[in-house]
Amino acid sequence: MSGTPLRTPRPAASWTVSALPVDDPVAVGLLRAYLVDVADRYYRLHEGRDATAAEIERALSEMNSDDLAPPDGVFLMARRDGAGGPAGCAGLRRRDTHTVELKRVYIEPGSRGLGGGGALLAAVEAAARGLGARRIVLDTRLDLVEARALYARHGYRDVAPFGDGTYAEVWMAKELG
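Thresholds, definitions, all that
- Residues numbered from 1 in each chain as written.
- Predicted model: local features only at pLDDT ≥ 70, side-chain atom pairs only at ≥ 80, totals over all residues.
- Heavy atoms only, no water.
- Helix = DSSP H or I, 4+ residues; strand = E, 2+ residues; numbered from the N terminus.
- Rg over C-alpha atoms; globule rule 2.2 N^0.38 Å.
- Buried < 20%, exposed > 50% of the residue type's maximum accessible area, 1.4 Å probe, protein only.
- Contact = heavy atoms within 4.5 Å.
- Areas by Shrake-Rupley, 256 points an atom, 1.4 Å probe, with all protein chains shown as cover.
- Lys, Arg positive; Asp, Glu negative; His and termini not counted.
- Charge placed at Lys NZ, Arg CZ, Asp CG, Glu CD.
- Polar contact = N/O pair within 3.5 Å; in protein donor to acceptor, adjacent residues only side chain to side chain.
- pLDDT = per-residue confidence, 0-100.
- 1 Å grid on protein atoms, 1.4 Å probe; cavity = no way out; pocket = protein on both sides within 12 Å on 5 of 7 lines; lining within 4 Å.
- Points joined across faces, edges and corners; volume = space filled by probe spheres on them.
- Nonpolar A, V, L, I, M, F, W, Y, C, P; charged D, E, K, R; others polar.
- Pairing = 2+ DSSP bridges.
- Axes fitted to C-alpha atoms, helices over the stretch in contact; angles between N-to-C directions.

**What about the overall build of the protein chain?**
Working step 1: When helices and strands are tallied, the protein chain shows four helices and seven strands.
Working step 2: In terms of overall dimensions, the protein chain is globule-like: its C-alpha atoms have a radius of gyration of 16 Å, near the 16 Å expected for 177 residues.
Working step 3: By its C-alpha atoms, the protein chain is 60 × 40 × 35 Å across when sized along the principal axes.
Working step 4: Looking at the 177 residues of the protein chain, the share that counts as buried comes to 40%.
Working step 5: Restricting the contact set of the protein chain to residue pairs at least 6 apart, pairs at least 24 apart contribute 63%.
Working step 6: When the accessible area of the protein chain is evaluated, it comes to approximately 9,800 Å², of which 54% is carbon and sulfur surface.
Working step 7: The protein chain carries 23 positive and 24 negative side-chain charges, and their two centres are separated by 6 Å.

Here's what the structure looks like:
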């Protein structure tokens, strides 16, 4: 029989997610990896090249993550159990009394497809409830199709724009029960 071979799904891994100070060197490294990943994708799509080191440094200073810290935020780090170092992150920041915003969701490329995104989102929801939130909102880009699919699988739905970020093209939200 001819045709495209079937892809065998990768087995899910177990993950540990914990809070980490956003200025911890591990957090800084994860935030840099996140930014390189999304910036490279953006520049490849729009200019046919990777982001330069200067563009990454400028974006790191412009996209400050200090608000992903207590008392009105949290930064979470994910480790794939048995695999060593940190493999992903996500942050939350308070928008108002009952709403938090999801920011900087990242799983390193070698760990994608193993359940880390779902583990991070479960931890994000628990952290959001801990902050007294009833709703989580996020914005993302159209080209980040894997992220949008992850959010949709976990109950996030498209909503009207709630901000005007430079790279925001899609807005989503999830009501917490």
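**Focus on the side chain of Ser111**
Working step 1: Take Ser111: it is sitting in the loop between strand S4 (99-107) and helix H3 (116-130).
Working step 2: Within the structure, Ser111 has its side chain in polar contact with the side chain of Glu108 (distance 2.4 Å).
Working step 3: Ser111 has contacts with Trp15, Arg80 and Ala87, leaving out every residue within four places of it along the chain.

**Focus on the confidence of the model for the protein chain**
Working step 1: Averaged over the protein chain, the pLDDT score is 91; the fraction of residues at 70 or greater is 93%.
Working step 2: Of all the helices and strands in the protein chain, helix H2 (residues 53-62) carries the lowest mean pLDDT, 92, while strand S6 (residues 157-158) carries the highest, 98.

**Description of the environment of Val170**
Working step 1: Secondary-structure assignment places Val170 in strand S7 (residues 170-175).
Working step 2: A residue is classified by how much of its surface remains accessible, and Val170, at 10% relative accessible area, is buried.
Working step 3: Distance in space between the C-alpha atoms of Val170 and Arg157 is 10 Å, their sequence separation being 13 residues.
Working step 4: When sequence neighbours within four positions are dropped, the list of residues in contact with Val170 reads Leu138, Asp139, Thr140, Arg141, Leu142, Arg148 and Asp158.

**A few points about the layout of surface pockets**
Gaps left between atoms are located by rolling a probe of water-molecule size over the structure's atoms.
Working step 1: In this model, the largest pocket occupies a volume close to 1,400 Å³.
Working step 2: Lining the largest pocket are 47 residues, with Tyr34, Val38, Val105, Thr140 and Leu144 positioned closest to its centre.
Working step 3: When residues of the lining of the largest pocket are traced back to their parent elements, those giving at least two are helix H1 (25-47), H2, S4, H3, strand S5 (135-140) and helix H4 (145-153).
Working step 4: If one sorts the elements of the lining of the largest pocket by residue count, H1 sits on top with eight residues.
Working step 5: Class assignment of the residues belonging to the lining of the largest pocket gives a composition of 23 nonpolar, eleven polar and 13 charged.

**Things to note about the sheet that holds strand S2 (residues 73-80)**
Working step 1: With respect to topology, seven strands assemble into an open sheet ordered S1-S2-S3-S4-S5-S7-S6, the strand pairing being mixed. Both outer strands of the open sheet, strand S1 (15-19) and S6, are each paired with one neighbouring strand and no more.
Working step 2: The pairing of strand S3 (residues 86-96) with S4 spans seven bridges and is antiparallel. What sits directly across from Arg93, in S4, is Glu101.
Working step 3: Across the sheet, H1 is in contact with S2, S3 and S4; its angle to S4 comes to roughly 80°.

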